Amino acid sequence: MATHTTSPKVFITGASSGLGEALARHYAAQGAILGLVGRRGDKLADLAASLPHPHAVHSYALDVRDALALRAAAGDFMARHGVPDIVIANAGISHGVNTEDAADLPHFASVMDTNWMAMIATFSPFVAPMRERKRGTLVGIGSVAGVRGLPGHGAYSASKAAAMTYLESLRVELRADKIAVVTIAPGYIRTPMTDGNPFPMPFLMDSDAFARKAAAAIARGRRFVVLPWQMGIVACAMRRLPRWLYDMLFARAPRKPRLSERKANGAASASVDTRPDDPPDGRA
């Protein structure tokens, strides 16, 4: 049976590292009851044990591409604590890709499935209960990379463009039901994923600072926010560039290494529950 409490209830995917972990730590410090989803159960257990109130944390080790497992986790959390106040679809992956290489086709699919389809699957179990309650906030993590198609990063750019367009559609759909839909588009955030980027990352922000500012935007019900704010200016400039000028400026921009290249260089492969947070691949 669901317990009744005044503590905020927050459900976060991709919580075992990166932005998800930073958001979990921020909300835990506020006394929130947390539902944390991540692929790596050991990392989730370590995180839960390190938080101020580990008894208020429920961990769900699963792959966010498994919609049935996500729905089961959502159902378990709501059975224990009722409908969450905030649901954050944060899980994401990023790979450099090459369309002409057939070996990269599965990477296109996995990026889209994780960054877009899993966001929909994350929200799906909570929409009807939030509609009934006439309250709740759904938060999707987009990216500045979704503003324009970045060379060598077609999978990630496409997935984030799809995610942000989806979030806009959902925001309008749920407006009459008093459910807020917040889109957060990160720029460069210091996480394990960006640690391996072999190019400059302007306006690099620490993950704890991101979590504070993201939580403030969520609390205010902001429709769309870019963090750090400087990347919002970059995003506006990128969007306004005419196609001929964009093509000329970005044609020779540095590209994110492909997964095969990263493995060959001994870099850690991307994981489903680690935020990429590397929007313009150093090309802004």
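Above this text sits the structure in question.
What this report covers is the structure whose coordinates are included nearby. It should be emphasised that the depicted structure is a prediction, and the values quoted were computed from it without experimental measurement.

1. Quick word on unusual backbone geometry
Thought 1: Between L227 and the following residue, P228, the backbone shows a cis peptide bond with an omega angle of -5 degrees.
Thought 2: At K134, a residue that is not glycine, the phi angle is positive and equals roughly 60 degrees.
Thought 3: Relative to the assigned elements, K134 resides in the loop between α4 (105–133) and β5 (137–141).
Thought 4: For K134, a relative accessible area of 42% gives the class partly exposed.
Thought 5: Within the chain, K178 stands out as a residue other than glycine whose phi angle is a positive 65 degrees.

2. Topic: helix α5 (residues 154–174)
Thought 1: Here α5 contains 21 residues, and its C-alpha end-to-end distance of 30 Å stays within 8% of the 30 Å for a straight helix at 1.5 Å per residue.
Thought 2: If you check which residues of α5 are buried, you get A155, Y156, S157, S159, K160, A163, M164, Y166, L167, L170 and L174.
Thought 3: Where α5 is buried, its residues contact α4, β5, β6 (180–186) and β9 (224–227).

3. Focus: the side chain of T137
Thought 1: Among the structural elements, T137 can be located in strand β5.
Thought 2: When residues no more than four places from it in sequence are discounted, the contact partners of T137 are D85, I86, V87, M130, A180, V182 and I218.

4. A word on the nonpolar core
Thought 1: Ranked by size, the top nonpolar core spans 34 residues in total, and within it I12, Y27, L34, L36, I88 and I184 carry the most contacts.
Thought 2: Top contributing element to this core by residue count: helix α6 (residues 207–220), with seven residues.
Thought 3: Dropping the residues within four chain positions of it, Y27 is found in contact with V10, I12, A32, L34, I86, I88, A215 and I218.
Thought 4: In terms of nonpolar packing, the next biggest core, distinct from the first, is built from 31 residues, A118, A121, A163 and V181 among them.

5. A few points about the sheet that holds strand β3 (residues 57–61)
Through backbone hydrogen bonds, the strands of a sheet pair up, either in parallel or in antiparallel fashion.
Thought 1: Reading across the sheet, the seven strands line up as β3-β2-β1-β4-β5-β6-β9 and stay open at both edges, with parallel pairing between neighbours. Strands at the two margins of the open sheet, each flanked by one partner only, are β3 and β9. For this sheet, the mean angle separating the axes of adjacent strands, direction not counted, is 15 degrees.
Thought 2: Looking at chain direction, strand β1 (residues 9–12) and strand β4 (residues 86–89) are connected through three bridges and run parallel. In the sheet register, F11 faces β4, and the bridge partner there is V87.
Thought 3: The strands that α4 touches are β1, β4 and β5; relative to β5, the one it contacts most, it runs at about 170 degrees.
Thought 4: In the packing of α6 onto the sheet, contacts are made with β4, β5, β6 and β9, and the angle to β6 comes to roughly 155 degrees.

6. A look at the environment of L68
Thought 1: With respect to the helices and strands, L68 occurs in helix α3 (residues 67–81).
Thought 2: Taking the C-alpha atoms as reference points, L68 and A121, 53 residues apart in sequence, are found 8.5 Å from one another.

7. Considerations on the pattern of salt bridges
Thought 1: Tallying each qualifying case throughout the model produces eight salt bridges.
Thought 2: Residue E21 pairs with R25 through a salt bridge whose shortest N-O separation is 3.1 Å. Placement of both E21 and R25 in helix α1 (residues 18–29) is noted, with a separation of four residues, approximately one turn of the helix.
Thought 3: With relative accessibility at 23%, the residue E21 sits in the partly exposed group.
Thought 4: By relative accessible area, R25 is classed as partly exposed at 36%.
Thought 5: Between R65 and D63 there is a salt bridge, with the nearest N and O atoms lying 2.8 Å from each other.
Thought 6: With relative accessibility at 22%, the residue D63 sits in the partly exposed group.
Thought 7: Through salt bridges with shared partners, a single ionic network connects R131, K134 and D177.

8. Brief notes about α6
Thought 1: For α6, with 14 residues, the first-to-last C-alpha span of 20 Å sits near the 20 Å given by 1.5 Å per residue.
Thought 2: For α6, the complete set of buried residues consists of A209, F210, A211, A214, A215, A217 and I218.

9. A look at the packing of aromatic side chains
Thought 1: Taken as a whole and assessed by the stated rule, the structure comprises five aromatic pairs.
Thought 2: With 6.5 Å between their ring centres and 20 degrees between their planes, F123 and Y166 make a pair best called stacked. Residue F123 is found in helix α4, and its partner Y166 is found in helix α5; the two are separated by 43 residues along the sequence. Accessibility classification places F123 together with Y166 in one group, the buried group.

Cut-off values and rules
Residues numbered from 1 in each chain as written. Predicted model: local features only at pLDDT ≥ 70, side-chain atom pairs only at ≥ 80, totals over all residues. Heavy atoms only, no water. Helix = DSSP H or I, 4+ residues; strand = E, 2+ residues; numbered from the N terminus. Buried < 20%, exposed > 50% of the residue type's maximum accessible area, 1.4 Å probe, protein only. Expected span 1.5 Å × (residues − 1). Contact = heavy atoms within 4.5 Å. Core = buried A, V, L, I, M, F, W, Y, C linked by side-chain atoms within 4.5 Å. Pairing = 2+ DSSP bridges. Axes fitted to C-alpha atoms, helices over the stretch in contact; angles between N-to-C directions. Salt bridge = Lys/Arg side-chain N within 4 Å of Asp/Glu carboxyl O. Phe/Tyr/Trp six-rings, centres within 6.5 Å; stacked < 30°, edge-to-face > 60°.

Bear in mind that shape data such as this cannot, by itself, settle questions of function.
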